[in-house]
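# Architecture at a glance
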Amino acid sequence: MATTDTTTPAQPCAAATCHRDLRDNEQAGGHTICIPCVHLMARWLQNELPRQIIVLEGSRHRETTGASSGGRTAYRTAPLPGRDDVLNLLGPASWTDTTRDPYGQAPADQHGPVPIAGALIPWARTIADERRWNPPAALTPTALSAWLSRPRVLGYASRRPWAGDMRDELAELMRTVRAVTRLRPQRRPVSQPCPRCEDLALVETDHQLYIDCTSCEAMFTRDELALAARITVATLDQAQAEALGNHTSPSCVVHAASNTSLTENT
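Nothing here was measured: the structure is a model prediction, and the numbers come from that model. (Residues numbered from 1 in each chain as written. Predicted model: local features only at pLDDT ≥ 70, side-chain atom pairs only at ≥ 80, totals over all residues. Heavy atoms only, no water.)

## Brief notes about the packing of helix α5 (residues 116–131) against helix α6 (residues 141–148)
- One way to put it is that α5 packs onto α6 with a least axis distance of 9 Å and a crossing angle of 40°. As judged from the angle between their axes, α5 and α6 are oblique. Between α5 and α6 lies a crossing of left-handed hand. Within the contact between the two elements, α5 uses I116, A117, L120, I121, W123, A124, I127 and A128 and α6 uses P141, L144, S145, W147 and L148.
- Across the contact of α5 with α6, the residue classes break down as 12 nonpolar, 1 polar and no charged. (Axes fitted to C-alpha atoms, helices over the stretch in contact; angles between N-to-C directions. Helix = DSSP H or I, 4+ residues; strand = E, 2+ residues; numbered from the N terminus. Parallel < 35°, antiparallel > 145°, perpendicular 65-115°, else oblique. Left-handed = near helix turned anticlockwise from the far one by under 90°. Contact = heavy atoms within 4.5 Å. Nonpolar A, V, L, I, M, F, W, Y, C, P; charged D, E, K, R; others polar.)

See below:
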(Lines give C-alpha, C1' and ligand atoms only; values in the text may rest on other atoms or scores of the structure.)
Protein backbone atom coordinates (compact mmCIF):
# COMPACT_ATOMS: atom_id res chain seq x y z
CA MET A 1 0.00 0.00 0.00
CA ALA A 2 1.44 3.31 -1.03
CA THR A 3 1.90 5.92 1.65
CA THR A 4 1.51 9.62 1.08
CA ASP A 5 4.06 12.10 2.31
CA THR A 6 2.34 14.51 4.70
CA THR A 7 5.42 16.57 5.52
CA THR A 8 5.12 20.28 4.89
CA PRO A 9 7.64 21.59 2.35
CA ALA A 10 10.11 24.07 3.75
CA GLN A 11 9.31 27.67 2.95
CA PRO A 12 12.20 29.97 2.02
CA CYS A 13 13.01 32.99 4.12
CA ALA A 14 11.12 36.02 2.79
CA ALA A 15 14.28 38.16 2.71
CA ALA A 16 15.71 38.38 -0.79
CA THR A 17 19.27 38.48 0.56
CA CYS A 18 18.83 35.28 2.63
CA HIS A 19 19.12 31.77 1.20
CA ARG A 20 17.89 29.77 4.20
CA ASP A 21 14.69 27.78 4.45
CA LEU A 22 12.42 28.20 7.44
CA ARG A 23 12.70 25.44 10.00
CA ASP A 24 9.71 23.63 11.47
CA ASN A 25 9.71 25.67 14.66
CA GLU A 26 9.89 28.91 12.67
CA GLN A 27 6.97 27.92 10.45
CA ALA A 28 4.99 26.79 13.49
CA GLY A 29 5.60 30.17 15.10
CA GLY A 30 4.32 32.03 12.05
CA HIS A 31 7.68 33.50 11.02
CA THR A 32 8.08 34.77 7.49
CA ILE A 33 11.82 35.36 7.91
CA CYS A 34 14.28 33.06 9.64
CA ILE A 35 15.49 33.59 13.19
CA PRO A 36 19.08 34.38 12.08
CA CYS A 37 17.70 37.26 10.02
CA VAL A 38 15.80 38.54 13.07
CA HIS A 39 18.98 38.42 15.16
CA LEU A 40 20.89 40.18 12.39
CA MET A 41 18.34 42.99 12.29
CA ALA A 42 18.61 43.32 16.07
CA ARG A 43 22.39 43.58 15.87
CA TRP A 44 22.16 46.26 13.20
CA LEU A 45 19.68 48.34 15.19
CA GLN A 46 21.12 47.76 18.67
CA ASN A 47 24.87 47.68 18.13
CA GLU A 48 26.17 48.79 14.77
CA LEU A 49 23.83 51.60 13.71
CA PRO A 50 24.19 53.64 16.97
CA ARG A 51 27.99 53.41 16.64
CA GLN A 52 27.83 54.43 12.99
CA ILE A 53 25.67 57.43 13.94
CA ILE A 54 28.35 58.58 16.40
CA VAL A 55 30.92 58.50 13.59
CA LEU A 56 28.55 60.38 11.27
CA GLU A 57 27.95 63.05 13.92
CA GLY A 58 31.68 63.65 14.11
CA SER A 59 32.07 63.77 10.33
CA ARG A 60 29.69 66.60 9.47
CA HIS A 61 32.40 69.07 8.45
CA ARG A 62 34.77 68.72 5.58
CA GLU A 63 38.45 68.10 6.19
CA THR A 64 40.40 71.30 5.61
CA THR A 65 43.97 71.23 4.38
CA GLY A 66 46.26 73.97 3.15
CA ALA A 67 46.83 74.47 -0.55
CA SER A 68 49.84 72.68 -2.02
CA SER A 69 51.14 75.93 -3.54
CA GLY A 70 51.09 77.68 -0.20
CA GLY A 71 48.62 80.35 -1.32
CA ARG A 72 44.88 80.73 -1.08
CA THR A 73 42.59 78.66 -3.28
CA ALA A 74 39.76 80.49 -5.02
CA TYR A 75 36.46 78.88 -6.01
CA ARG A 76 33.86 80.10 -8.46
CA THR A 77 31.15 79.29 -5.90
CA ALA A 78 31.47 78.96 -2.16
CA PRO A 79 31.86 75.31 -1.06
CA LEU A 80 29.39 73.72 1.30
CA PRO A 81 30.40 74.08 4.96
CA GLY A 82 29.66 70.39 5.59
CA ARG A 83 29.69 67.02 3.90
CA ASP A 84 26.51 66.61 1.92
CA ASP A 85 26.56 62.80 2.12
CA VAL A 86 26.73 62.89 5.93
CA LEU A 87 24.16 65.66 6.22
CA ASN A 88 21.78 63.67 4.03
CA LEU A 89 22.01 60.61 6.26
CA LEU A 90 21.57 62.63 9.46
CA GLY A 91 18.78 64.77 8.04
CA PRO A 92 15.25 64.84 9.48
CA ALA A 93 12.22 63.04 8.14
CA SER A 94 8.48 63.40 8.57
CA TRP A 95 6.29 60.89 10.40
CA THR A 96 3.74 61.01 7.59
CA ASP A 97 4.26 60.45 3.89
CA THR A 98 2.24 63.47 2.81
CA THR A 99 4.27 66.39 1.46
CA ARG A 100 2.75 69.79 0.74
CA ASP A 101 4.26 70.62 -2.64
CA PRO A 102 2.01 73.09 -4.52
CA TYR A 103 4.65 73.71 -7.19
CA GLY A 104 5.69 70.09 -7.76
CA GLN A 105 9.37 70.78 -7.10
CA ALA A 106 9.92 68.43 -4.15
CA PRO A 107 11.36 65.50 -6.17
CA ALA A 108 13.89 67.80 -7.84
CA ASP A 109 15.01 69.14 -4.45
CA GLN A 110 15.95 65.70 -3.10
CA HIS A 111 19.52 64.62 -3.71
CA GLY A 112 21.61 61.85 -2.26
CA PRO A 113 20.56 58.88 -0.12
CA VAL A 114 17.46 58.73 2.03
CA PRO A 115 18.12 59.85 5.61
CA ILE A 116 18.42 57.18 8.29
CA ALA A 117 15.28 58.52 9.93
CA GLY A 118 13.48 58.42 6.59
CA ALA A 119 14.31 54.73 6.20
CA LEU A 120 13.25 53.79 9.75
CA ILE A 121 10.12 55.93 10.22
CA PRO A 122 7.88 54.01 7.75
CA TRP A 123 8.52 50.72 9.57
CA ALA A 124 8.05 52.27 13.00
CA ARG A 125 4.81 53.92 11.85
CA THR A 126 3.51 50.67 10.29
CA ILE A 127 4.15 48.64 13.43
CA ALA A 128 2.80 51.31 15.76
CA ASP A 129 -0.39 51.67 13.71
CA GLU A 130 -1.01 47.93 13.36
CA ARG A 131 -0.37 47.12 17.04
CA ARG A 132 -1.70 50.40 18.49
CA TRP A 133 1.60 50.93 20.30
CA ASN A 134 3.01 54.28 21.32
CA PRO A 135 5.47 55.50 18.69
CA PRO A 136 9.03 56.55 19.55
CA ALA A 137 9.27 59.60 21.76
CA ALA A 138 11.61 61.28 19.27
CA LEU A 139 12.16 60.89 15.54
CA THR A 140 15.95 60.89 15.75
CA PRO A 141 17.87 58.00 14.18
CA THR A 142 19.07 56.80 17.58
CA ALA A 143 15.57 56.82 19.11
CA LEU A 144 14.04 55.09 16.09
CA SER A 145 16.66 52.32 16.03
CA ALA A 146 16.24 51.76 19.77
CA TRP A 147 12.45 51.47 19.38
CA LEU A 148 12.62 49.10 16.43
CA SER A 149 15.20 46.88 18.16
CA ARG A 150 12.86 46.01 21.03
CA PRO A 151 12.28 42.24 21.21
CA ARG A 152 8.49 42.50 21.02
CA VAL A 153 8.71 44.87 18.04
CA LEU A 154 11.06 42.63 16.08
CA GLY A 155 9.10 39.57 17.18
CA TYR A 156 5.93 41.06 15.71
CA ALA A 157 7.65 42.28 12.56
CA SER A 158 9.20 38.86 11.86
CA ARG A 159 5.70 37.36 11.50
CA ARG A 160 4.32 39.92 9.08
CA PRO A 161 4.20 39.46 5.27
CA TRP A 162 6.42 42.51 4.80
CA ALA A 163 9.18 41.26 7.13
CA GLY A 164 11.41 40.33 4.19
CA ASP A 165 11.13 43.83 2.73
CA MET A 166 12.03 45.35 6.09
CA ARG A 167 15.10 43.15 6.39
CA ASP A 168 16.22 44.00 2.84
CA GLU A 169 15.74 47.74 3.35
CA LEU A 170 17.72 47.64 6.60
CA ALA A 171 20.51 45.78 4.80
CA GLU A 172 20.55 48.45 2.07
CA LEU A 173 20.61 51.19 4.73
CA MET A 174 23.59 49.59 6.45
CA ARG A 175 25.44 49.30 3.15
CA THR A 176 24.83 53.01 2.48
CA VAL A 177 25.99 54.05 5.94
CA ARG A 178 29.12 51.88 5.74
CA ALA A 179 30.00 53.35 2.36
CA VAL A 180 30.06 56.82 3.94
CA THR A 181 31.82 56.02 7.22
CA ARG A 182 34.17 53.40 5.71
CA LEU A 183 33.58 51.30 8.81
CA ARG A 184 32.50 47.69 8.38
CA PRO A 185 32.17 44.80 10.83
CA GLN A 186 35.32 42.73 10.89
CA ARG A 187 35.22 39.08 9.81
CA ARG A 188 37.58 36.63 11.47
CA PRO A 189 38.19 32.93 10.76
CA VAL A 190 37.33 30.40 13.45
CA SER A 191 39.88 27.67 14.10
CA GLN A 192 37.32 24.87 14.23
CA PRO A 193 35.91 22.66 11.47
CA CYS A 194 32.29 23.07 10.51
CA PRO A 195 30.13 20.46 12.29
CA ARG A 196 28.12 19.98 9.11
CA CYS A 197 30.65 19.78 6.26
CA GLU A 198 33.85 19.43 8.36
CA ASP A 199 35.59 22.15 6.32
CA LEU A 200 37.74 24.71 8.07
CA ALA A 201 35.58 27.54 6.72
CA LEU A 202 33.83 29.06 9.76
CA VAL A 203 33.84 32.87 9.96
CA GLU A 204 32.56 35.10 12.77
CA THR A 205 31.48 38.71 12.24
CA ASP A 206 31.30 41.56 14.74
CA HIS A 207 27.93 42.15 16.40
CA GLN A 208 26.42 38.96 14.94
CA LEU A 209 25.07 36.07 16.97
CA TYR A 210 25.66 33.36 14.37
CA ILE A 211 28.92 32.08 12.91
CA ASP A 212 28.75 31.33 9.19
CA CYS A 213 30.30 28.52 7.18
CA THR A 214 31.46 29.78 3.79
CA SER A 215 31.40 26.25 2.33
CA CYS A 216 27.94 24.86 3.17
CA GLU A 217 26.33 28.17 4.32
CA ALA A 218 25.37 26.64 7.68
CA MET A 219 25.01 28.92 10.71
CA PHE A 220 25.88 28.11 14.31
CA THR A 221 25.87 29.93 17.60
CA ARG A 222 28.96 29.89 19.80
CA ASP A 223 27.22 27.54 22.24
CA GLU A 224 26.44 25.11 19.41
CA LEU A 225 30.07 25.14 18.26
CA ALA A 226 31.26 24.54 21.82
CA LEU A 227 28.86 21.59 22.10
CA ALA A 228 30.07 20.20 18.77
CA ALA A 229 33.68 20.45 19.96
CA ARG A 230 32.88 18.56 23.18
CA ILE A 231 31.07 15.85 21.21
CA THR A 232 34.05 15.50 18.85
CA VAL A 233 36.50 15.18 21.73
CA ALA A 234 34.28 12.62 23.48
CA THR A 235 33.95 10.59 20.26
CA LEU A 236 37.71 10.57 19.73
CA ASP A 237 38.32 9.55 23.35
CA GLN A 238 35.83 6.71 23.04
CA ALA A 239 37.39 5.50 19.79
CA GLN A 240 40.84 5.58 21.36
CA ALA A 241 39.62 3.70 24.42
CA GLU A 242 38.03 1.01 22.25
CA ALA A 243 41.23 0.68 20.23
CA LEU A 244 43.30 0.25 23.36
CA GLY A 245 40.86 -2.28 24.79
CA ASN A 246 40.54 -4.50 21.70
CA HIS A 247 44.04 -4.30 20.29
CA THR A 248 47.60 -4.21 21.53
CA SER A 249 48.59 -0.84 22.87
CA PRO A 250 50.93 1.28 20.77
CA SER A 251 53.65 1.13 23.44
CA CYS A 252 53.63 -2.68 23.37
CA VAL A 253 53.86 -2.65 19.59
CA VAL A 254 56.86 -0.34 19.71
CA HIS A 255 58.52 -2.46 22.44
CA ALA A 256 57.92 -5.69 20.49
CA ALA A 257 59.29 -4.18 17.31
CA SER A 258 62.42 -3.03 19.09
CA ASN A 259 62.99 -6.51 20.58
CA THR A 260 62.56 -8.11 17.16
CA SER A 261 65.04 -5.81 15.57
CA LEU A 262 67.56 -6.53 18.30
CA THR A 263 67.15 -10.28 17.80
CA GLU A 264 67.62 -10.01 14.07
CA ASN A 265 70.71 -7.89 14.51
CA THR A 266 72.25 -10.46 16.83
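## Focus on the nonpolar core
- By size, the foremost hydrophobic cluster in this structure holds 45 residues, and its most contacted members are I116, L120, I127, L148 and M166.
- Going through the elements one at a time, α2 (35–57), α3 (84–90), α5, α6, α7 (151–157) and α8 (163–181) are the ones with two or more residues in this core.
- With 10 residues, the single largest contributor to this core is α2.
- Not counting chain neighbours up to four residues away, the residues in contact with L120 comprise L45, L49, P141, L144, S145, L148, L170 and L173.
- Within the second largest apolar cluster, 9 residues are counted, among which are C194, A201, A218 and L225. (Core = buried A, V, L, I, M, F, W, Y, C linked by side-chain atoms within 4.5 Å. Buried < 20%, exposed > 50% of the residue type's maximum accessible area, 1.4 Å probe, protein only.)

## A closer look at the packing of aromatic side chains
- The final tally for this structure, using the stated rule, is 2 aromatic pairs.
- Note on W133 and Y156: the rings are 6.1 Å apart at their centroids and 65° apart in plane angle, and the pair reads as edge-to-face. Placement of W133 in the loop between α5 and α6 and of Y156 in helix α7 is noted, with a sequence separation of 23 residues between them. We note that W133, like Y156, is buried.
- For R152, the ring lying beneath its charged end belongs to W133, and the centroid distance is 4.4 Å. (Phe/Tyr/Trp six-rings, centres within 6.5 Å; stacked < 30°, edge-to-face > 60°. Lys NZ or Arg CZ within 6 Å of the ring centre and 35° of its normal.)

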